[in-house]
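# Analysis of the macromolecular model
Single-letter residue listing:
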Amino acid sequence: MKILVVEDQKKTAAFLSKGLEEHGFVVDVAVDGKQGLQRALDQQYDLVVLDVMLPELDGWSILGELRAAKNPVPVLLLTARDSVQDRVRGLDLGADDYLVKPFAFSELLARIRSLLRRSVAGRPVDNARIADLEIDLVGHWASRCGQRLQLTAKEFALLSLLARRSGEVLSRALIADQVWGMNFETNTNFVDVHIRRLRAKVDEPFDIKLIHTVRGAGYVLEERP
């Protein structure tokens with residue numbers, strides 16, 4: 001799942017980004033309001049963590065612009081202002097939740113997972129199953145033949161991307177962008193190395209192989225005869 005963090009305080013942004021990535025999320029960071037709004041409008045995110053007090057454009061304005069554009073992305077507001085009036089304002093503008101600074105990361109994570117569960121409730125699935133592979137996209141776990149797979153956060157993010165687009169060949173460039181937020185260098189085997197590590201856990205111990213290489217194109221997760 002991909003999250004946009006809009007936060008101008010560098011330490012806070014780094015703390016949030018690192019913590020969320022350690023729990024398997026793909027995270028983009030915007031350091032001011034204009035950049036945050038542009039990213040939220042131009043890219044598809046599963047959730048936006050939005051600070052209220054921002055340079056260039058405040059969180060209220062960003063939220064209003066998103067909802068005016070009919071963008072349904074869940075938004076969690078972060079603010080040091082804890083008055084009832086401020087909370088009501090945020091909810092009236094279309095915020096899905098509101099968390100007052102300072103906060104415990106564990107509470108932030110719980111609220112994010114709750115919002116994601118609600119947001120995926122209207123989607124076709126919030127988990128994926130391919131052959132004997134089962135992936136809980138919100139709970140962040142995967143299993144094969146009923147055995148839990150011990151995946152790192154990035155391995156789970158990579159597997160989730162492949163699973164959500166099962167049957168579709170994904171290029172190395174797309175994988176690098178969606179999982180690591182980086183441009184793919186054609187003279188490196190960065191993505192191949194991580195696919196190899198993922199296969200060692202997802203495929204090698206089992207008879208049915210699910211992660212396939214499409215020469216010259218990329219990788220696909222699917223069950224083949």
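To be clear, the structure that these remarks concern was listed above.
Note that the structure is predicted; figures quoted are calculated from it, not measured.

Rules of the game
Residues numbered from 1 in each chain as written. Predicted model: local features only at pLDDT ≥ 70, side-chain atom pairs only at ≥ 80, totals over all residues. Heavy atoms only, no water. Helix = DSSP H or I, 4+ residues; strand = E, 2+ residues; numbered from the N terminus. Rg over C-alpha atoms; globule rule 2.2 N^0.38 Å. Buried < 20%, exposed > 50% of the residue type's maximum accessible area, 1.4 Å probe, protein only. Contact = heavy atoms within 4.5 Å. Areas by Shrake-Rupley, 256 points an atom, 1.4 Å probe, with all protein chains shown as cover. Lys, Arg positive; Asp, Glu negative; His and termini not counted. Charge placed at Lys NZ, Arg CZ, Asp CG, Glu CD. Arc of directions from axis to C-beta. Polar contact = N/O pair within 3.5 Å; in protein donor to acceptor, adjacent residues only side chain to side chain. Salt bridge = Lys/Arg side-chain N within 4 Å of Asp/Glu carboxyl O. Pairing = 2+ DSSP bridges. Axes fitted to C-alpha atoms, helices over the stretch in contact; angles between N-to-C directions.

### Section: the overall build of the protein
The number of helices and strands found in the protein is 8 helices and 11 strands. On C-alpha atoms alone, the protein measures out to a radius of gyration of 19 Å, which is about the 17 Å that the 2.2 N^0.38 rule sets for 225 residues. Its C-alpha atoms give the protein principal-axis dimensions of roughly 60 × 40 × 30 Å. Burial status across the protein gives 44% buried among its 225 residues. Long-range pairs, those at least 24 residues apart, make up 56% of the contacts in the protein with a sequence separation of at least 6. For the protein, the accessible surface area stands at approximately 11400 Å², while carbon and sulfur atoms represent 48% of it. Taken together, the 31 basic and 32 acidic charged side chains of the protein have centroids lying 2 Å from each other.

### Describing helix α3 (residues 59-68)
Within α3, the full set of buried residues consists of G59, W60, I62, L63 and L66. Each buried residue of α3 sits inside an arc of 165° when the element is viewed along its axis, so together they form one side. Tucked into the core, α3 has its buried residues touching β1 (2-6), α2 (33-42), β3 (47-51), β4 (75-79), α4 (84-93) and β5 (97-100). Sitting at the head of α3, D58 places a side-chain oxygen 3.2 Å from the backbone nitrogen of W60. The first or second residue beyond α3 is K70, which carries a positive phi of 60°.

### Re the pattern of salt bridges
For the coordinates displayed, the defined rule picks out 16 salt bridges. With a shortest N-O distance of 3.3 Å, D46 and R164 are connected by a salt bridge. Placement of the pair is D46 in the loop between α2 and β3 and R164 in helix α6 (residues 153-164), with a sequence separation of 118 residues. With a relative accessible area of 40%, R164 lands in the partly exposed category. Note that D132 is salt-bridged to R144, the shortest N-O span being 2.7 Å. Remark: R144 occurs in strand β8 (residues 141-144) and D132 occurs in the loop between β6 (127-130) and β7 (133-136); sequence separation between them is 12 residues. D132 gets classed as partly exposed once you look at its relative accessible area, which sits at 22%. By sharing partners, the salt bridges in this structure join E7, D51 and K101 into a single network.

### Digging into the sheet that holds β7
Taken in spatial order, the 4 strands of this open sheet run β6-β7-β8-β9, and their pairing is antiparallel. The open sheet is flanked by β6 and β9 (147-148), the only strands paired with a single partner. Where β7 and β8 come together, 4 bridges link them in antiparallel fashion. Across the sheet, residue L133 finds its bridge partner in β8, namely R144. Sitting on the sheet, α6 touches β6, β7 and β8, and the angle it makes with β7 is about 110°.

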